[in-house]
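# Architecture at a glance
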Amino acid sequence: MTPPTMWRATSVQACGLWPFAAGSGAPMSGVPLGQHLYTGATVCGDPISWFTRARYISNPSLFMLGMPGLGKSTLVNRMLIGLSATGVVPLVLGDLKPDYADTVRALGGQVISIGRGVGGINILDPGAMGAAARRIGGEAGKALTAETHGRVLNMVAALVSVVRSRPMDDHEQSVLSAALHHLRERAPAGRAPLLPDLLAVLQEGPDRVRAVTLDRGDARRYHAAVDPLHRSLLGILDGPLGDTFASQTSTRIDPHAPAVCIDISRIGEADTQLTAGAMLAAWSDGLGTVAASHALADAGLTPRRWFFTVLDELWRPLRAASGIVDRIDALTRLNRSLGLGDAKITHTLKDAEALGNESDRAKARGFVERAGMVVCAGLPRTEMEELGKVVGLSEREIDLVSSWSSPPGWATAGTYEEPPGRGRFLIKVGGRPGVPIKVAITETERDLHNTNSRWAASEPRQWPAGPEEGAA
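Parameters and conventions
Residues numbered from 1 in each chain as written. Predicted model: local features only at pLDDT ≥ 70, side-chain atom pairs only at ≥ 80, totals over all residues. Heavy atoms only, no water. Core = buried A, V, L, I, M, F, W, Y, C linked by side-chain atoms within 4.5 Å. Buried < 20%, exposed > 50% of the residue type's maximum accessible area, 1.4 Å probe, protein only. Contact = heavy atoms within 4.5 Å. Phe/Tyr/Trp six-rings, centres within 6.5 Å; stacked < 30°, edge-to-face > 60°. Lys NZ or Arg CZ within 6 Å of the ring centre and 35° of its normal. Axes fitted to C-alpha atoms, helices over the stretch in contact; angles between N-to-C directions. Helix = DSSP H or I, 4+ residues; strand = E, 2+ residues; numbered from the N terminus. Parallel < 35°, antiparallel > 145°, perpendicular 65-115°, else oblique. Left-handed = near helix turned anticlockwise from the far one by under 90°. Nonpolar A, V, L, I, M, F, W, Y, C, P; charged D, E, K, R; others polar. Expected span 1.5 Å × (residues − 1). pLDDT = per-residue confidence, 0-100. Polar contact = N/O pair within 3.5 Å; in protein donor to acceptor, adjacent residues only side chain to side chain.

## Focus: the nonpolar core
Burial of nonpolar side chains together is a common tendency in soluble globular proteins. Core analysis: the largest hydrophobic core is formed by 79 residues, its most contacted members being Ile123, Leu124, Val156, Leu195, Leu198, Leu233 and Leu387. If near-sequence neighbours (up to four positions away) are discounted, Leu124 is found in contact with Val152, Val156, Leu180, Leu183, Pro193, Leu194, Leu195 and Leu198. Formed by 37 residues, the second largest nonpolar core is a distinct cluster that contains Met79, Val88, Val435 and Ile437.

## A closer look at the packing of aromatic side chains
Taken as a whole, this structure holds one aromatic pair when the rule is applied. A ring pair is formed by Trp50 and Tyr56, whose centres lie 5.2 Å apart and whose planes are at 85°; its orientation type is edge-to-face. Overall, the relative accessible area of 3% leaves Trp50 in the buried class. One cation-aromatic arrangement involves Lys344 over Phe367; the distance from NZ or CZ to the ring centre is 5.6 Å.

## As for the packing of helix H8 (residues 195–204) against helix H10 (residues 219–238)
The geometry of a pair of packed helices is captured by two quantities: the angle between their axes and the separation between those axes. Put simply, H8 and H10 touch, their axes get as near as 10 Å, and they point 165° apart. In terms of orientation, H8 and H10 fall into the roughly antiparallel class. Where H8 crosses over H10, the handedness of that crossing is left-handed. Within the contact between the two elements, H8 uses Leu195, Pro196, Leu198, Leu199, Val201, Leu202 and Gln203 and H10 uses Tyr222, Leu229, His230, Leu233, Leu234, Ile236 and Leu237. Of the residues that constitute the contact of H8 with H10, the class distribution is twelve nonpolar, two polar and no charged.

## Considering helix H16 (residues 358–370)
Under the 1.5 Å per step criterion, the end-to-end length of H16 is 18 Å for 13 residues, consistent within 8% with the ideal 18 Å. Those residues of H16 lying buried are Asp360, Arg361, Ala364, Gly366, Phe367 and Val368.

## Comments concerning the confidence of the model for the chain
Per-residue confidence for the chain gives a mean pLDDT of 83, with 84% of residues at or over 70. Summarising per-element confidence for the chain, the mean pLDDT is lowest in strand S12 (residues 470–471) (48) and highest in strand S10 (residues 424–428) (95).

## Some points on the side chain of Asp342
Tracing the backbone through its elements, the reader meets Asp342 in strand S8 (residues 340–346). Among the polar contacts made by the side chain of Asp342, one reaches the side chain of Lys344 at a distance of 3.0 Å. Apart from the residues within four sequence positions on either side, Asp342 is in contact with Pro47, Pro60, Ser61, Leu62, Phe308 and Thr309.

## With respect to unusual backbone geometry
At the junction of Lys97 and Pro98, the peptide bond is cis and its omega measures out at -5° in the coordinates. Mapped onto the fold, Pro98 is located in the loop between strand S4 (89–95) and helix H4 (101–106). A positive phi angle is found at Leu214, which is not glycine, with a value near 55°. Structurally, Leu214 can be placed in the loop between helix H9 (207–213) and H10. One non-glycine residue, Arg216, lies in positive phi territory at about 55°. Structurally, Arg216 can be placed in the loop between H9 and H10. Since its relative accessible area comes to 67%, Arg216 is described here as exposed.

Put into structure tokens, the structure is as follows:
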């Protein structure tokens, strides 16, 4: 049967049509996402708008799960475009495919490439936080300098964990912290120290570093304490990570860019260590830029800006080494300022279950528990039942999202049929009933975001270069 025509009107206009008018209850604050699957009403939402304006959530964060190819990154791209129009700065900190580079270029933003022979990041460079600390000065500048030290220490420890495939020992972190303090105090003005400089400090063994090793004046005790760390740093320099992290950063993040994407898609799929290191370095650099912007705004030196960070393919760094969960958690928690929303994207909760120990698995599950919004694309029923233990899903919601994970039917030759779950999402907030939506993308979005572009015969779209676009 032909479905009846649906009409929409305001409550003032429709009040005379009672009882044929009904409210849908769909949220209308934020970026327009799509239509409610049952009522057809427009559904709007994003972590920042639901935190600042609608007050639906107490934490401006989003965690998205779903099988590949069902439109997760397409929905996040729409949020980036909508939030950018309201003045929020999108930060894609580690674009693996790339899914977001063309969108950032179209927004007039900055795209930075990281990879062997393309560009890298000096993980000892204080970057925007160091520049902001010098500009602010006084006690506030000293506090920002201390936070900068913590961020650099955390990043070096993360790389060591990637190389070792296990966390650093606690006394090694004390040695590393003392060496970084010594290095910063003696670094020449205008030049950021490099990893070879850090190795030279360990080899030299200044009093400040020796004091935390409890060597008691015995050179053999000192070297026994620092040699494992020394070997790991040598492994970074002479191993698969050296080309990317051993030299000065050639292109820094532009703190004034309307959007930023750090493109790591040129790193090979099987190069797990370099991928994890590049993602961690990108997150550290990007979140440091956010902290610097807020510190400058607090000091009255620049206007206040809000940021929205995207951490896609979260499972890849999680699996790189035991203890990486701690580093990711620390990187995101070090920024104590407001004005930062984030989206973490992965495939399933089993990505967390694949981690090496129960402590890491519990911390990874905590990413979902702390998220203000949880968005589900198509997932198998067993996965939805596990997710229901964390976020609270009804049987009907489990059945609905499970049905979206089915493959398309056997189409006739020469035709294309989309999977039934593509573009369908369930938005969960706390114990509220989920909001099922259907996203229909525009032609502009289709051109900007095509994850199957390698299978197309057409030429890639060329966008004008954004400010300071280049290799990092």
